[in-house]
Protein chains: 4
Amino acid sequence: MHRHNIRVYYEDTDAGGIVYYANYLKFLERARTEWLRALGIEQDSLLEQSTGFVVKHLEIDYLAAARFNELLAVESTLALVRRASLVFEQRIYNHNNRLLVTAQVKVACVDLRSMKARPIPDFVLGELSGVR
Amino acid sequence: MHRHNIRVYYEDTDAGGIVYYANYLKFLERARTEWLRALGIEQDSLLEQSTGFVVKHLEIDYLAAARFNELLAVESTLALVRRASLVFEQRIYNHNNRLLVTAQVKVACVDLRSMKARPIPDFVLGELSGVR
Amino acid sequence: MHRHNIRVYYEDTDAGGIVYYANYLKFLERARTEWLRALGIEQDSLLEQSTGFVVKHLEIDYLAAARFNELLAVESTLALVRRASLVFEQRIYNHNNRLLVTAQVKVACVDLRSMKARPIPDFVLGELSGVR
Amino acid sequence: MHRHNIRVYYEDTDAGGIVYYANYLKFLERARTEWLRALGIEQDSLLEQSTGFVVKHLEIDYLAAARFNELLAVESTLALVRRASLVFEQRIYNHNNRLLVTAQVKVACVDLRSMKARPIPDFVLGELSGVR
């Protein structure tokens, strides 16, 4: 399990006074990226080889709204590791530990030129196998 | 059914060369907003009464990626109309009529101060009942 | 002079109830893009040759705020055409013709791999010379 | 002087492979917000009183581009403190200490309902006077 803190800035909110619904997906991806980074996986070196993780499927429940200036925590776990895809379970909490968002995110490893599936690089799989 | 065209600008893309996954949610919401507008429902007048539609649940499949400068079409249908919530089915196609994204989006009508559910205003329900 | 209409969606606003200041830059770029398109210049074909226009300098005055659901108009003129750069003057009005934003934007033509200046392609310069 | 680190995520980049020009404005605002927070000024309590800082004028030079996954540093200083406005000077560096962006940002204190200028609250001015 990995935990990453996110501050809500004006850029994240909308005129309804709450975080705009698409922006939670940014928070979820930042958390996934920081988790990979903590494991020694830097995605810019993958990008140089035209390799990227793209989201194929997402299911998200918005239970309660985050507001401007709140400090959120994103908790991420790996539910599934396959040869060319990963499934993350992610939860966003506010500073009172109230659960705001739950999401299940399936990402696939692709060649960014052809957008075709490609096996997850071995060193990435190796690091991920350790965290399950 | 409602159809709304969206142009992909640089702002929508990412370094992978494709539309960033969260930005499709913006496209989906623009399409829902334009559909409501076409029915005579302007959400700024709802906002003045602290009434808004917030997304409670979203399930989305990313089948193929949109790229910079493409002209997309969002097709929206209403799958369910309840007293305080709506379920939209939405599909995004590119200019070759290739299906890129399918999504099911549940929105709830809320009081934006308390974030509590509130019945969808009658004139909105009336308009929506006609399109089913 | 070119005129392009933009609708303000929830995604563009912030918790202050107004359009977030960075998002006007998106509106300005959409307008520049649509102007180029109207002249027959499609930037995806430039991108395929690793050629892009990048903003080098921007000066912007925020005179009045746009709000959710407003229909804006962006008026663009070309103030300067050089071998490898352009200067646009742009103004954003709301539906009451109130001036909200004025901006001067200098864009340079670059090779996106090296980020070095490159001459604006001749067919682009040719089209632009006609609109001055 | 205040220094704030920012990580570049996919959400910040565009198909040109670099940070999208409007997104640096988000970075600049995050840095201003964190500076105010470090001084004990939380903007959500201002927002509750319908008080906000809005950008009135911005001048920005884009000297070099930031790329995906870079760790940036935003350095902010206060150039001017007036009764109802502030001028910040801000610089963004990459991890090699290369200067990417310089900006001068004038923000005004406003009543967010009327958008009219309002004096900066005394406790805010007091904190800011100490950092000049």
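All values derive from a computational prediction rather than experimental measurement.

Cut-offs and rules
- Counting starts from 1 at the beginning of each chain's written sequence and moves along it residue by residue.
- Chain letters start at A and ligand numbers start at 1, both assigned in the order the entries are written.
- Local features in this predicted model are restricted to residues whose pLDDT is 70 or higher, and side-chain atom pairs enter the listing and the counts only when it is 80 or higher, whereas totals over whole chains, interfaces and linings include all residues.
- As a convention, hydrogens and water are excluded, and side-chain values are obtained from all of the structure's heavy atoms.
- For the purposes of this entry, the term helix denotes a DSSP run of H or I that reaches at least four residues, the term strand denotes a run of E that reaches at least two, and both are numbered from the N terminus.
- Restricting the calculation to C-alpha atoms gives the radius of gyration, and the globule rule supplies 2.2 Å times the number of residues raised to the power 0.38.
- Here a residue-residue contact requires only that any non-hydrogen atoms of the pair lie within 4.5 Å.
- Computed by Shrake-Rupley with a 1.4 Å probe, the accessible areas treat only the displayed protein chains as cover when residues are assessed.
- Residues scored as positive are Lys and Arg, those scored as negative are Asp and Glu, and His as well as the terminal groups of each chain are ignored.
- Note on charges: their place is set at NZ of Lys, CZ of Arg, CG of Asp or CD of Glu.
- In this description, a nonpolar core means a group of buried Ala, Val, Leu, Ile, Met, Phe, Trp, Tyr and Cys residues linked to one another through side-chain atoms lying within 4.5 Å.
- Three labels apply to residues, based on accessible area from a 1.4 Å probe with only protein chains included: buried if under 20% of the type maximum, exposed if over 50%, partly exposed otherwise in between.
- Superposition of the copies used a least-squares fit over C-alpha atoms from residues whose pLDDT is at least 70 in both.
- An expected span of 1.5 Å times one less than the residue number is assigned to each helix.
- The term buried area means the drop in 1.4 Å probe accessible area that two parts suffer when joined, counted for both and summed.
- Any Lys or Arg side-chain nitrogen found within 4 Å of a carboxyl oxygen on Asp or Glu counts as a salt bridge.
- Whenever two N or O atoms come within 3.5 Å, that pair is a polar contact, provided that in protein one can donate a hydrogen and the other can accept it, and provided that, for residues adjacent in sequence, both atoms are side-chain atoms.
- Each residue receives one of three labels: charged for Asp, Glu, Lys and Arg, nonpolar for Ala, Val, Leu, Ile, Met, Phe, Trp, Tyr, Cys and Pro, and polar for the others, Gly being one of them.
- Any two strands with at least two DSSP-identified bridges between them are counted as paired.
- To pair, rings of Phe, Tyr and Trp, with the six-membered ring standing in for Trp, must have centres within 6.5 Å; the planes then decide the type, stacked if under 30 degrees apart, edge-to-face if over 60, and tilted in the middle.
- The criterion is that NZ of a Lys, or CZ of an Arg, lies within 6 Å of the ring centre and within 35 degrees of the ring normal, and then a charge sits over that ring.
- For every residue, the predictor states its confidence as a pLDDT score lying anywhere from 0 to 100.

K.L.:
How do you make sense of the overall build of chain A when you look at a structure like this?
P.N.:
Within chain A, the secondary structure is distributed over 3 helices and 6 strands. Secondary structure elements of chain A occur, N-terminal to C-terminal, as β-α-α-β-β-β-β-β-α. Since a compact globule built from 132 residues should have a radius of gyration of about 14 Å, the 15 Å found for chain A is in line with a globular shape. Taken along its principal axes, the extent of the C-alpha atoms in chain A is 40 × 30 × 25 Å. Taking all contacts inside chain A whose residues are at least 6 apart in sequence as the whole, residues at least 24 apart take part in 66%. Accessible surface computed for chain A: about 5200 Å², of which carbon and sulfur atoms make up 46%. Taking the average place of the 17 positive charges on the side chains of chain A and the average place of its 16 negative ones, the gap between the two points comes to 4 Å.

K.L.:
Would you take a moment to explain the nonpolar core for this structure?
P.N.:
Note on soluble globular proteins: their nonpolar side chains tend to be buried together. Leu25(C), Phe53(C), Tyr62(C), Leu25(D), Phe53(D) and Tyr62(D) are the most contacted members of the largest nonpolar core, which has 95 residues in total. For Tyr62(D), the residues in contact, after removing those within four places along its chain, are Leu25(C), Val55(C), Lys56(C), His57(C), Leu58(C), Tyr21(D), Tyr24(D), Leu25(D), Leu100(D) and Val101(D). Core analysis: the next-biggest nonpolar cluster, separate from the first, contains 94 residues, Val19(A), Phe27(A), Ala66(A) and Phe68(D) among them.

K.L.:
Just to check I follow, could you spell out the relation of the copies chain A and chain B for this structure?
P.N.:
There are two copies of the chain, and a rotation about an axis plus a shift along that axis relates them. For the pair chain A and chain B, the superposition axis carries a translation of 0.0 Å, the fit reaches an RMSD of 0.0 Å, and the rotation angle comes to 180°. As the rotation angle and translation indicate, the two copies are arranged about a two-fold axis. Taking C-alpha positions as the reference, the residue of chain A nearest the rotation axis is Glu59(A), at 2.2 Å. With an isologous cut-off of 70% or more, the 100% of interface residues of chain A that recur at the interface of chain B puts this contact in the isologous class.

K.L.:
So what exactly am I meant to see when it comes to helix H1 (residues 23–38) of chain D here?
P.N.:
Side chains that are three or four residues apart share a direction in an α-helix, a result of its 3.6 residues per turn. All names here are of chain D. A rise of 1.5 Å per residue sets the reference length of H1, with its 16 residues, at 22 Å; its end C-alpha atoms lie 23 Å apart and thus fit the reference within 8%. H1 sits mainly inside the fold: 15 of its 16 residues count as buried. A positive phi of about 90° marks Gly40, the residue just after H1.

K.L.:
How should I be thinking about the interface of chain A and chain B in this particular structure?
P.N.:
Where interface size is given, it is often the accessible area lost as the parts come together that is meant. Of the residues lining the interface, 27 residues belong to chain A; the matching set on chain B comes to 27 residues. Together, the buried faces of chain A and chain B total about 2400 Å²; carbon and sulfur atoms form 56% of this surface. Our count for the contact surface shared by chain A and chain B stands at 0 salt bridges. Inspection of the chain A/chain B interface yields 16 residue pairs in polar contact (both at pLDDT 80 or more). At the level of elements, helix H1 (23–38) and strand S2 (51–62) of chain A are the ones that each hand at least two residues to the side of chain A that touches chain B. It is S2(A) that contributes the most residues to the side of chain A that touches chain B, 9 residues altogether. Considering only residue class, the side of chain A that touches chain B consists of 17 nonpolar, 2 polar and 8 charged. Here S2(A) runs beside strand S2 (residues 51–62) of chain B; their pairing, made up of 5 bridges, is antiparallel. Within S2(B), the position partnered with Ile60(A) by the bridge is Leu58(B).

K.L.:
Help me understand the environment of Val55(D) in this model?
P.N.:
Tracing the chain through its elements places Val55(D) in strand S2 (residues 51–62). Remark: the alpha-carbon pair of Val55(D) and Ser45(D), spanning 10 residues in sequence, is separated by 19 Å. If sequence neighbours within four positions are ignored, Val55(D) has contacts with Tyr21(C), Tyr62(C), Arg32(D), Val105(D), Lys106(D) and Val107(D).

K.L.:
What am I meant to see in the packing of aromatic side chains here?
P.N.:
Using the criterion set out here, one finds 24 aromatic pairs over all chains in the structure. With centroids separated by 6.0 Å and ring planes inclined at 75°, the aromatic side chains of Tyr24(A) and Phe27(A) adopt a geometry described as edge-to-face. Here Phe27(A) and Tyr24(A) lie together in helix H1, a separation of 3 residues that amounts to about one turn. Following the ring pairs from residue to residue traces out a cluster consisting of Tyr20(A), Tyr21(A), Tyr24(A), Phe27(A) and Tyr62(A). Over the aromatic face of Phe88(B) sits the side chain of Arg32(B), whose NZ or CZ is 6.0 Å from the ring centroid.

K.L.:
Help me out: how do you make sense of the pattern of salt bridges in this one?
P.N.:
A side chain of one charge can pair with a side chain of the opposite charge if their charged atoms are brought near each other. Residue and element names in this part refer to chain B. By the definition in use, this model includes 28 salt bridges over all chains. When the shortest N-O distance is used, the salt bridge between Asp111 and Arg113 registers 3.3 Å. Of the residues examined, Asp111 reaches a relative accessible area of 12% and is grouped as buried.

K.L.:
Would you mind going over the interface of chain D and chain B with me for this structure?
P.N.:
Counting from both sides, the interface comprises 9 residues of chain D and, opposite them, 9 residues of chain B. Buried surface at the junction of chain D and chain B, summed over both partners, amounts to about 700 Å²; 70% is from carbon and sulfur atoms. Interface area lost by chain D to chain B is led by Tyr10(D), Ala15(D) and Tyr20(D), which between them contribute 56%. Inspection of the chain D/chain B interface yields 0 salt bridges.

K.L.:
Got a minute to help me understand the side chain of Thr51(A) in this structure?
P.N.:
All names here are of chain A. As for its placement among the helices and strands, Thr51 is situated in strand S2. With a relative accessible area of 4%, Thr51 lands in the buried category. Apart from the residues lying within four places of it in its own chain, the contact partners of Thr51 are Leu46, Cys109, Val110, Leu112 and Arg118.

K.L.:
Teacher, can you tell me more about the confidence of the model for chain A here?
P.N.:
Regions with low pLDDT should not have their predicted coordinates read in detail. Of all residues in chain A, 99% attain a pLDDT of 70 or more, and the chain-wide mean is 95. This complex was scored by the predictor with a pTM of 0.97 and an ipTM of 0.96.

K.L.:
I keep staring at the pairing of strand S5 (residues 99–111) of chain A and nothing clicks. Help me out?
P.N.:
Residue and element names in this part refer to chain A. For S5, the buried fraction is high: 10 of the 13 residues fall into the buried class. Sheet topology note: the S2/S5 ladder contains 11 bridges and is antiparallel. Its bridge partner being in S5, Val54 is matched across the sheet by Ala108. By the bridge criterion, 9 bridges tie strand S4 (residues 85–93) to S5 in an arrangement that is antiparallel. Bridging across to S5, Glu89 finds its partner in Gln104. Taken together, the 2 bridges between S5 and strand S6 (residues 116–117) define a ladder with antiparallel strand orientation.

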